[in-house]
Amino acid sequence: MTDADRAFFEQEITGLLDRLYGTALRLAKNRADAEDLVAETVTKAWANFGSLHDRQCFRGWLFRILTNTFLSECRKTEPASLEALAEAQGEPDEEPAFSLFDRLHQPFLLWWGNPEQEFLNKVLQQDLQKAVDALPEVFRVPVILCDLQGLNYQEIAETLGVPVGTVRSRLNRGRSQLQKALWQHAQEAGLKHAPAADKESFHISQTGEHHERH
Amino acid sequence: MSDIKEIGCEEALRRLFEYLDRELDGARHAEMEQHLHTCRACYSRAEFERHLKGKLGAVGKEPAPPEFELRIKNLLRRF
């Protein structure tokens, strides 16, 4: 390996460290395992750097190593996860996708003006993290690869070793579950309260009624 | 004028995530764009999902703790 190779590798890893760490944290769900996962990924990447012919592909290649390292760890420690993965391959999309937008876009919530925008303004990074962490691994990994890492379906299929159709179906189901969790959270945390402008005159109850205050 | 096929709301919603994920081929992408230009309801839904996806993207980036940065720096030095 030349000095230029080493410099390139170091520069790329340093530049991608926050993203590697953030992704590892969502995969492993705890800091210690996420740190070990990134360290192992960097070590493996360096060991195999010679086999990467196109350096334009470095980022995708690196995140593939990260994901595969995570998945092989899972298979060692939790064989049940593998079962879940295999099972999910054969499962049809039995229920219609849950739409957070449709839930927010209900007449009683439209009293507020724009409940979708309200939701987007108020949802916190930690709410999203919690919702991602709560997904079963079989759906969490494709959602992380697609929405957090920006991989395309073909790249996700190659990383997971499944057909593109399976990626599409797992993404649909993962997103549906994620939106359901966010809706539940929104109900618990925010939608019970009327927005500031209206709170003098209205209280929106969970049943959708509005009551004038006297 | 081009001969972009018209699609309905049901089809647009079916394609929505593939559209946002940039997975549709040229013709299907164009049909989707045309529908979104003319349908306010689907446009609002698409914008909502786009923003939510953007917010999720930010979840994948988390500042590495300084001591961990140091661990990786030390690791790189050993290569």
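Along each chain, residues carry numbers from 1 onward, in the same order as the chain's sequence is written. Ligands are numbered from 1 and chains lettered from A, in the order in which they are written. Thresholds applied to this predicted model are a pLDDT of at least 70 for local features of residues and 80 or more for the giving and counting of side-chain atom pairs; totals over whole chains, interfaces and linings are not thresholded and use all residues. The basis for the side-chain values is all heavy atoms of the structure; hydrogens and waters are excluded.

A. Focus on the interface of chain B and chain A. On the side of chain A, 45 residues touch chain B, which itself brings 30 residues to the contact. Considering only the surface of chain B that becomes buried against chain A, F48, L56 and F79 of chain B emerge as the three largest contributors, covering 20% of it. One speaks of a salt bridge when a side-chain nitrogen belonging to Lys or Arg is within 4 Å of a carboxyl oxygen belonging to Asp or Glu. Applying the counting rule to chain B against chain A returns five salt bridges. Note that D147 of chain A and K53 of chain B form a salt bridge whose closest N and O atoms lie 2.7 Å from each other. As used in this structure description, the phrase polar contact means that two N or O atoms lie within 3.5 Å; if the pair is within protein, one of them must be able to donate a hydrogen and the other to accept it, and residues adjacent in sequence are counted only when both atoms belong to side chains. Counting every contact that joins chain B to chain A gives 15 residue pairs in polar contact (both at pLDDT 80 or more). Elements are defined by DSSP. Helices are runs of H or I of four residues or more, strands are runs of E of two residues or more, and each kind is numbered from the N terminus. Going through the elements one at a time, α1 (9-20), α3 (40-59) and α4 (66-78) of chain B are the ones with two or more residues in the side of chain B that touches chain A. The residue classification treats Ala, Val, Leu, Ile, Met, Phe, Trp, Tyr, Cys and Pro as nonpolar and Asp, Glu, Lys and Arg as charged. All others, Gly included, are polar. Here the side of chain B that touches chain A is composed, by residue class, of 14 nonpolar, four polar and 12 charged. Contacts between residues were defined by any pair of non-hydrogen atoms, one from each residue, lying within 4.5 Å. Simply put, the buried area is the total loss of 1.4 Å probe accessible area from both parts when two parts are fitted together.

B. Molecular detail of the state of the cysteines. Residue and element names in this part refer to chain B. Two cysteine sulfur atoms form a disulfide, by the criterion used here, when they sit within 2.5 Å. Overall, the coordinates contain zero disulfides over all chains when judged by the stated rule. With no disulfide of its own, C9 lies closest to C39 among cysteine sulfurs, the gap being 3.8 Å. Each residue is assigned to one of three classes by its accessible area relative to the maximum for its type, calculated with a 1.4 Å probe on protein chains only: buried under 20%, partly exposed between the two thresholds, exposed over 50%. Judged by its relative accessible area of 37%, C9 is partly exposed. C39 takes part in no disulfide bond, and the closest cysteine sulfur, belonging to C42, lies 3.7 Å away.

C. Looking closely at α4 of chain B. A helix is expected to span 1.5 Å multiplied by its residue count minus one. Along its 13 residues, α4 of chain B runs 19 Å from first to last C-alpha, staying within 8% of the 18 Å computed at 1.5 Å per residue. Within the sequence span of α4 of chain B, burial applies to F68, I72, L75 and L76 of chain B. For α4 of chain B, the angular spread of the buried residues around the axis is 100 degrees, confining them to a single face. Seen from the open side of α4 of chain B, the exposed residues pointing more than 90 degrees away from its buried face are P66, R77 and R78 of chain B. Where α4 of chain B is buried, its residues meet α1 (3-28) and α2 (31-48) of chain A. The arc in question is traced by the directions running from the helix axis to the C-beta atoms.

D. Structural detail: the packing of α1 of chain A against helix α3 (residues 58-77) of chain A. Residues and elements named next belong to chain A. Put simply, α1 and α3 touch, their axes get as near as 10 Å, and they point 40 degrees apart. As the angle between them shows, α1 and α3 are arranged oblique. Judged by the sense of rotation from one axis to the other, the crossing of α1 with α3 is right-handed. Across the interface between the two elements, F8, F9, E12, I13, L16, R19, L20, T23, A24, L27 and A28 from α1 touch F58, R59, L62, F63, L66, T67 and F70 from α3. Grouping the constituent residues of the contact of α1 with α3 by class yields 13 nonpolar, two polar and three charged. Only the contacting stretch of a helix is used when fitting its axis, a line to C-alpha atoms as for every element, and angles between N-to-C directions run 0 to 180 degrees. To sort the angles, those under 35 degrees are grouped as roughly parallel, those over 145 as roughly antiparallel, those from 65 to 115 as roughly perpendicular, and the leftovers as oblique. In this scheme the handedness of a crossing depends on how the near helix is turned from the far one: anticlockwise by less than a right angle means left-handed, clockwise means right-handed.

E. Quick peek at the confidence of the model for chain A. Residues and elements named next belong to chain A. For every residue, the pLDDT score states the predictor's confidence, bounded by 0 at the bottom and 100 at the top. The pLDDT averaged across chain A works out to 81; a share of 77% of its residues lies at or above 70. Mean pLDDT values over the elements of chain A span from 33, in strand β1 (residues 202-204), up to 96, in α2. Note that residues 193-214 has pLDDT below 50 and, in this model, 36 contacts with residues that lie over four places away or in other chains.

F. Summary view of the packing of α3 of chain A against helix α9 (residues 153-160) of chain A. Residues and elements named next belong to chain A. Running from amino to carboxyl end, α3 crosses α9 at an angle of 40 degrees, the nearest separation of the two axes being 10 Å. The handedness of the crossing between α3 and α9 comes out as right-handed. Between α3 and α9, the residues in contact are R64, T67, N68 and L71 and E155, E158, T159 and L160, respectively. In terms of residue class, the contact of α3 with α9 is built from two nonpolar, three polar and three charged.

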